[in-house]
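Here is how the chains run, residue by residue.
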Amino acid sequence: MPLDNQSGVFWERRGQGPALLLGPAILESQGEIIGPPMDDVLARYLARLTNRFSVVTVDYPGIGRSGNIDPFALTADQVCADLLRVADAAGFDHFVYWGTSWGAAMGLQLAVRTRRLNGLIMGAWTPLGVPYATVLEGARRSLPDPEPGSLKVLRDKAQYRQWVTLYESVQGFDEAGALAAIACPRLVYVGEHGDSDAGGLELPIASAVRRRRAEIEAAGWQVEILPDLDHGGAVMSPDMVIDRIDPFLDSLSGKRR
């Protein structure tokens, strides 16, 4: 289980086939971080993916077995550079990127910064209609007293500042320009009840996908809305998710049913 010297990211590679980087919020060490049930979640993703992809999973810096990161350094540019360094370390030239929640937000950032993606899967997020100012304000509100779930993942309370840094770095992001610029096969999925919140402020993530579905699909995206799942469920329900997006995954892996 190597630690990339440049990024400080701990990663693991499993399976055979085309390259797939399974990014946050699914983490390599999430069972150690959050508890044994999370091992089952990772195991199910890997069981469904490693028969057709070479899958890399990561712990982001400051999380799990990865090195520390200055919370004032966690910009979108830095995250994307780190992900590309891990891909380099794993021997991936071109690869599929799959991220959920904030990892999906970073997948969108990655797709406009590199031509190395053979596919993009965004879960529990939206490529259009993200209230970036609200996300930032929610992170700032949470800074004095982060929620327990955040502190379970982060190593200390001061590290929560990294989310403020991250969302400061994407203010003014050109969503429409990004939608037009991304050329690789792309899919977004959300839970039917997948609106979320940040610092007590509503984040209408799933509502944005439903409201702007026609625009997203017209730009070449496949859209899937998963019945009965909320924001967390769309991250933590690998079998339900993969059952729904299997044809897209097969198209990326070259598998034929």
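Residues numbered from 1 in each chain as written. Predicted model: local features only at pLDDT ≥ 70, side-chain atom pairs only at ≥ 80, totals over all residues. Heavy atoms only, no water.

(A) View of a negative patch on the surface. A cluster of like negative charges, contributed by E147, D195, D197 and E202, occupies part of the molecular surface. For D195, a relative accessible area of 34% corresponds to the partly exposed category. (Patch = residues over 30% accessible without salt bridge, like charges linked within 9 Å, V, L, I, M, F, W, Y side chains within 5 Å. Areas by Shrake-Rupley, 256 points an atom, 1.4 Å probe, with all protein chains shown as cover. Salt bridge = Lys/Arg side-chain N within 4 Å of Asp/Glu carboxyl O. Lys, Arg positive; Asp, Glu negative; His and termini not counted. Charge placed at Lys NZ, Arg CZ, Asp CG, Glu CD. Buried < 20%, exposed > 50% of the residue type's maximum accessible area, 1.4 Å probe, protein only.)

(B) Molecular detail of the sheet that holds strand β4 (residues 95-100). Sheet architecture is open: 7 strands sit in the order β1-β3-β2-β4-β5-β6-β9, paired in mixed fashion. Each edge of the sheet is formed by a strand with only one pairing partner; in this case those strands are β1 (10-14) and β9 (222-230). Adjacent strand axes in the sheet meet at a mean angle of 15°, parallel and antiparallel pairs treated alike. Strand direction decides the pairing type here: strand β2 (residues 19-22) and strand β3 (residues 54-59), joined by 4 bridges, are parallel. Directly across from L20, in β3, lies its bridge partner V55. Its contacts with the sheet put helix α2 (residues 36-49) on β1, β2, β3 and β4, and the angle it makes with β3 is roughly 160°. Relative to β4, helix α3 (residues 76-89) is tilted by about 135°, and along the sheet it contacts β1, β2, β3 and β4. (Pairing = 2+ DSSP bridges. Helix = DSSP H or I, 4+ residues; strand = E, 2+ residues; numbered from the N terminus. Axes fitted to C-alpha atoms, helices over the stretch in contact; angles between N-to-C directions. Contact = heavy atoms within 4.5 Å.)

(C) Examining the packing of aromatic side chains more closely. This structure, assessed with the given rule, holds 6 aromatic pairs. Taken together, the ring pairs connect Y45, W98 and Y189 into an aromatic cluster. (Phe/Tyr/Trp six-rings, centres within 6.5 Å; stacked < 30°, edge-to-face > 60°.)

(D) Geometry of the nonpolar core. By size, the foremost hydrophobic cluster in this structure holds 63 residues, and its most contacted members are F95, W125, W163 and W221. Contacts of W221, omitting those with residues within four sequence positions, involve L108, L120, M122, P127, L179, I182, R186, L187, V188 and I216. Counting 26 residues, the second-largest nonpolar core is a separate cluster that includes W98, L187, I245 and L252. (Core = buried A, V, L, I, M, F, W, Y, C linked by side-chain atoms within 4.5 Å.)

(E) How the structure looks around the packing of α2 against helix α12 (residues 238-253). The contact between α2 and α12 brings their axes to 11 Å, and the two run at 25°. Put simply, α2 runs roughly parallel to α12. The chirality of how α2 crosses α12 is right-handed. Judged by residue contacts, V41, R44, Y45, R48 and L49 of α2 engage P238, D239, I242, D243, D246 and L249 from α12. Residues that form the contact of α2 with α12 fall into these classes: 6 nonpolar, no polar and 5 charged. (Parallel < 35°, antiparallel > 145°, perpendicular 65-115°, else oblique. Left-handed = near helix turned anticlockwise from the far one by under 90°. Nonpolar A, V, L, I, M, F, W, Y, C, P; charged D, E, K, R; others polar.)

(F) Geometry of α2. Taking 1.5 Å as the rise per residue, α2 with 14 residues should run 20 Å; its terminal C-alpha atoms sit 21 Å apart, in good agreement. Among the residues of α2, M38, V41, L42, Y45, L46, R48 and L49 are the ones counted as buried. (Expected span 1.5 Å × (residues − 1).)

(G) Region of interest: the pairing of β4. Of all the 6 residues making up β4, 6 are buried; the element is thus mostly covered by neighbouring parts of the structure. Side-chain alternation along β4 places F95, Y97 and G99 on one buried face and V96, W98 and T100 on a second face that is also buried. Judged from the 3 bridges that link them, β2 and β4 form a sheet pairing that is parallel. For L21, the partnering residue across the bridge sits in β4 and is Y97. Judged from the 6 bridges that link them, β4 and strand β5 (residues 117-123) form a sheet pairing that is parallel. Paired with T100 across the strands is G123, a residue of β5. Following the chain from β4 across helix α4 (residues 102-111) to the adjacent parallel β5, one finds a crossover that is right-handed. (Right-handed = clockwise from strand over helix to strand, strands pointing away.)

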